[in-house]
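Topology and contacts: notes
Residue-level listing of the chains:
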Amino acid sequence: MNGRVQDRTALVMGAGSIGPGWGNGKAIAVTLARQGAQVMCVDRDPAAAEETAALIAAEGGTAVAHVADATSSDQVAAVRDACVDRFGSIDILVNNIGIAPVGGVVELSVEDWDRAFDINLKTCFLGMKHVIPQMLAQGRGAIVNISSVASLRWSGVAYAGYYSTKAAMNHLTRTTAVEYAARGIRINAVLPGLMRTPMVENSGALAQDYGAGDIEAMWRKRDAQVPMGHMGDAWDVANATLFLASDEARYITGIELVVDGGITLKFA
Ligand SMILES: NC(=O)c1ccc[n+]([C@@H]2O[C@H](COP(=O)([O-])OP(=O)(O)OC[C@H]3O[C@@H](n4cnc5c(N)ncnc54)[C@H](O)[C@@H]3O)[C@@H](O)[C@H]2O)c1
């Protein structure tokens, strides 16, 4: 099935990948482009933004890389202006940026708590703040916020900042969705479960928590936790995002689409 977001403009915040391989943001940008969207790939890491845009161009798609720190209101406003200047509209916004500093309320530093709120929640707030007026002017838009099943319950790791910011992101998604539902803008969240991505692989603290620093031990442990018997990957997140961004989801707003191989339903 091709052209599911044909000729739409997609703005993907955090479109790079923290390390080699396929992160969620990179796979989302490429998937939207494969389905006909022109994509602005935003990342604070210039090489990461360029890599994703180049991958899209190499497949014959349309993409531009844009460097910005999405915790800065001025820079996010400039991203919106650059996207409209280049493509004439913003039909899809994906807020993908997130980090998972490990530590419960006692261990987590105040700096990491603040960093989690800045990077996970403020970027989502600023993305919606600056892009929604453009979508209102167009009379339509679809926003997808990348949350986590950690927003719903304990997920096996003590990371108080991650749990809190992702839960807040869900509620911001729901309430903003209601606010704009009558004006053509749909806002939904995707909640990935345990995914095998560079973000997890490159977090030394997560590997430490799962398997005393042994990455393979961490993968085995995470696979075993999931009812389906294995982790998901970035394409699972990208396909869910594509669905919510497309007109196939035209009557869906304010939902949390769980993409987790069943782990959220599991008791033990
Ligand atoms: N991998 C998993 O297991 C998993 C599970 C649940 C949810 N998630 C969520 O998926 C999202 C990230 O997935 P990913 O695989 O794309 O991660 P990633 O770390 O590979 O990519 C995120 C990109 O965001 C960029 N970025 C970070 N801070 C930024 C800022 N201030 N301004 C602009 N860009 C910035 C990074 O440079 C990076 O390229 C997060 O929201 C995360 O919470 C991941």
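Description of the structure in this document. (Residues numbered from 1 in each chain as written. Predicted model: local features only at pLDDT ≥ 70, side-chain atom pairs only at ≥ 80, totals over all residues. Heavy atoms only, no water.)

Further remarks concern the site of the ligand. Neighbouring the ligand are 28 residues; Asn 24, Gly 25, Asp 43, Tyr 162 and Thr 197 lie closest to it. In the environment of the ligand, an oxygen atom lies 3.5 Å from a nitrogen or oxygen atom belonging to the backbone of Gly 16. At 2.9 Å from a nitrogen atom of the ligand is found a main-chain nitrogen or oxygen belonging to Ala 70. In the complex, 96% of the free accessible area of the ligand, which totals 860 Å², lies under the protein chains. (Near = heavy atom within 4 Å. Polar contact = N/O pair within 3.5 Å; in protein donor to acceptor, adjacent residues only side chain to side chain. Areas by Shrake-Rupley, 256 points an atom, 1.4 Å probe, with all protein chains shown as cover.)

A word on the pairing of strand β4 (residues 92-95). Burial along β4 is two-sided: the residues Ile 92 and Val 94 and Leu 93 and Asn 95 are all buried. Pairing between β4 and strand β5 (residues 141-146): four bridges, direction parallel. Residue pairing for β5: Val 94 is matched across the bridge by Val 144. Assessed by its sense of winding, the connection that carries the chain from β4 through helix α4 (residues 110-138) to β5 is right-handed. (Buried < 20%, exposed > 50% of the residue type's maximum accessible area, 1.4 Å probe, protein only. Helix = DSSP H or I, 4+ residues; strand = E, 2+ residues; numbered from the N terminus. Pairing = 2+ DSSP bridges. Right-handed = clockwise from strand over helix to strand, strands pointing away.)

Once that is clear, we can look at helix α5 (residues 160-180). Residues spaced three or four apart along an α-helix face the same direction, because each turn holds 3.6 residues. With 21 residues, α5 should reach 30 Å at 1.5 Å per residue; the first-to-last C-alpha distance of 30 Å fits that figure. Contacts from the buried residues of α5 go to β4, α4, β5, β6 (185-192) and β7 (256-259). (Expected span 1.5 Å × (residues − 1). Contact = heavy atoms within 4.5 Å.)

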